Amino acid sequence: MTAFRIAILTLSDKGARGEREDESGRILHQMSASLGTVDHYEIIADEADLITARLMEWCDCGELDLILTTGGTGVSPRDVTPQATQQVLDYEIPGMAEAMRAASLAKTPHAMLSRALVGVRGQTLIVNLPGSPKAVRENFEVILPALPHALAKLKGDPSDCAQ
Ligand SMILES: Nc1nc2c(c(=O)[nH]1)N[C@H]1C(S)=C(S)[C@@H](COP(=O)(O)OP(=O)(O)OC[C@H]3O[C@@H](n4cnc5c(N)ncnc54)[C@H](O)[C@@H]3O)O[C@H]1N2
Ligand SMILES: O=P(O)(O)OP(=O)(O)O
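This one's a predicted model, so the numbers in the text were calculated from it and none came from an experiment.

Asker: Before we move on, can you summarise the overall build of the chain with the specific residues and values?
Answerer: The helix and strand tally for the chain stands at 7 helices and 6 strands. For 163 residues, the compact-globule formula gives about 15 Å, and the C-alpha radius of gyration of the chain, at 15 Å, lands near that figure. The C-alpha extent of the chain, read off along each of the three principal axes, is 45 × 35 × 25 Å. Of all 163 residues assigned to the chain, the portion counted as buried reaches 48%. Long-range pairs, those at least 24 residues apart, make up 77% of the contacts in the chain with a sequence separation of at least 6. With an accessible surface of roughly 8,000 Å², the chain has 54% of that area assigned to carbon and sulfur atoms.

In structure tokens, the structure reads:
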């Protein structure tokens, strides 16, 4: 299988100040290991300008297949990850975000508070995940089985889907 190139971006004010261990980023490193290698990893504060700048830089370098973000998807005043992500996307893949929310709703009603988006800029798939370690696990495990096919198709895999 192709080894995809991955980046992880943790959005957390406390994490960026060094006041909290990035448990959620660590979980994403572990869970994405079957897909490929993590080439970039960063923790930044919940600032829309910083988030859009980093997402654009990483997508436009042309070297990354997948960017996983964690944190800032909810409704707290500092939660800006979805609106920052929307600014950089060429298009959304609503079904992937809906699948994560639907599966998560079976676990907690709070799942409906996540505004996480999934979409594409250039040839890079961007996936927003909520911030808590539990939420990261429960959401990412939903889309993980579909990611090899999604990422291969994004790279232009011409093979027939109906197999
Ligand atoms: N499948 C699930 N989906 C969701 C859950 C869940 O438990 N299972 N929780 C829901 C809740 S509650 C909310 S609210 C929304 C949106 O969450 P956010 O993306 O806004 O989360 P944050 O405010 O960024 O973080 C919440 C909380 O998590 C801890 N945290 C955050 N970042 C880190 C980190 N890098 N390492 C360790 N812990 C972290 C911290 O206590 C924050 O206060 O999502 C629903 N979806
Ligand atoms: O410090 P953060 O941004 O991780 O978020 P919270 O205030 O929700 O703990």
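Asker: Tell me about the sheet that holds strand β6 (residues 124-129), and name the residues and values.
Answerer: Taken in spatial order, the 6 strands line up as β2-β1-β3-β6-β5-β4 in an open sheet, and their pairing is mixed. The open sheet has two free edges, formed respectively by β2 (36-44) and β4 (91-92), since each of these has just one partner strand. Here strand β3 (residues 66-70) pairs with β6 via 5 bridges, running parallel. Its bridge partner being in β6, L66 is matched across the sheet by L125. Most of the contacts of helix α5 (residues 94-105) go to β6, to which it runs at about 25°, and overall it touches β4, β5 (118-121) and β6.

Asker: Can you tell me about the site of ligand 1, naming the residues and giving the values?
Answerer: Not every one of the 24 residues close to ligand 1 is listed here, only the nearest: D22, T73, G74, S104 and E138. In this structure, a nitrogen atom belonging to ligand 1 sits 2.8 Å away from a side-chain N or O atom of D22. Between ligand 1 and the protein, one listed contact pairs an oxygen atom with a side-chain N or O atom of D79 at 3.3 Å. When residues of the shell around ligand 1 are traced back to their parent elements, those giving at least two are α2 (23-31) and α6 (133-143). Here the shell around ligand 1 gets 5 residues from one element, more than from any other, and that element is α6. Of the residues that constitute the shell around ligand 1, the class distribution is 4 nonpolar, 13 polar and 7 charged.

Asker: Outline the nonpolar core, listing residues and values.
Answerer: Residues L66, L68, L125, V127, F140 and L147 are the most contacted members of the largest nonpolar core, which totals 25 residues. For this core, the secondary structure elements donating two or more residues are β1 (4-11), α2, β3, α5, β5, β6, α6 and α7 (147-154). In terms of residue count, the dominant contributor to this core is α7 (4 residues). Setting aside its immediate chain neighbours within four residues, L147 contacts L35, L66, M96, L125 and F140.

Asker: If you had to explain the site of ligand 2 to someone new, which residues and values would you point to?
Answerer: The environment of ligand 2 is made up of S12, D13, K14, R20 and D46. Take D13: an N or O atom from its main chain is 2.7 Å from an oxygen atom of ligand 2. Between an oxygen atom of ligand 2 and a side-chain N or O atom of R20, the distance comes to 2.6 Å. A total of 280 Å² of accessible area belongs to ligand 2 in isolation, and the protein chains cover 58% of it.

Asker: Explain the layout of surface pockets to me, using residue names and the numbers behind them.
Answerer: There is about 770 Å³ of room inside the largest pocket. Around the largest pocket sit 36 residues that line it, and G71, G72, P130, G131 and S132 are the ones nearest its centre. Taken together, the residues that form the lining of the largest pocket break down as 7 nonpolar, 17 polar and 12 charged.

Calculation criteria
- Within each chain, residue numbers correspond to sequence positions counted from 1 in written order.
- Chain letters start at A and ligand numbers start at 1, both assigned in the order the entries are written.
- Only residues with pLDDT of 70 or above have their local features reported here, since the model is predicted, and side-chain atom pairs are shown and tallied only from 80 upward, although totals for entire chains, interfaces and linings are computed over all residues.
- Calculated side-chain values reflect all of the structure's heavy atoms, with hydrogen atoms and water omitted.
- A helix here means a DSSP run of H or I that spans at least four residues, while a strand means a run of E at least two residues long, and both kinds are numbered starting from the N terminus.
- The globule rule is 2.2 Å times the number of residues to the power 0.38, and the radius of gyration it is compared with is taken over C-alpha atoms.
- Classification of residues uses two cut-offs on accessible area relative to the type maximum, computed with a 1.4 Å probe and protein chains only: under 20% is buried, over 50% is exposed, and between them is partly exposed.
- The contact definition used throughout considers only heavy atoms, calling two residues in contact when any of these lie within 4.5 Å.
- Surface accessibility follows the Shrake-Rupley procedure with a 1.4 Å probe radius. Residue values consider only the protein chains on display as shielding.
- Should DSSP find at least two bridges between two strands, the strands are regarded as paired.
- All axes here are fitted lines through C-alpha atoms, helices being fitted over the stretch that makes contact, and every angle between N-to-C directions spans 0 to 180 degrees.
- We call a residue near a molecule or strand when any one of its heavy atoms sits within 4 Å of it.
- As used in this structure description, the phrase polar contact means that two N or O atoms lie within 3.5 Å; if the pair is within protein, one of them must be able to donate a hydrogen and the other to accept it, and residues adjacent in sequence are counted only when both atoms belong to side chains.
- Think of it as three bins: nonpolar holds Ala, Val, Leu, Ile, Met, Phe, Trp, Tyr, Cys and Pro, charged holds Asp, Glu, Lys and Arg, and polar takes everything else, Gly as well.
- Definition of nonpolar core: a set of buried residues of the types Ala, Val, Leu, Ile, Met, Phe, Trp, Tyr and Cys, connected through side-chain atoms within 4.5 Å.
- A pocket here means an open set of points on a 1 Å grid, computed over the protein atoms alone, that has protein on both sides within 12 Å along at least five of seven lines. A cavity is instead a set of points where a 1.4 Å probe fits but cannot get out; residues with an atom within 4 Å of a point line either one.
- Grid points are joined across faces, edges and corners, and a volume is the space filled by probe spheres set on the points.

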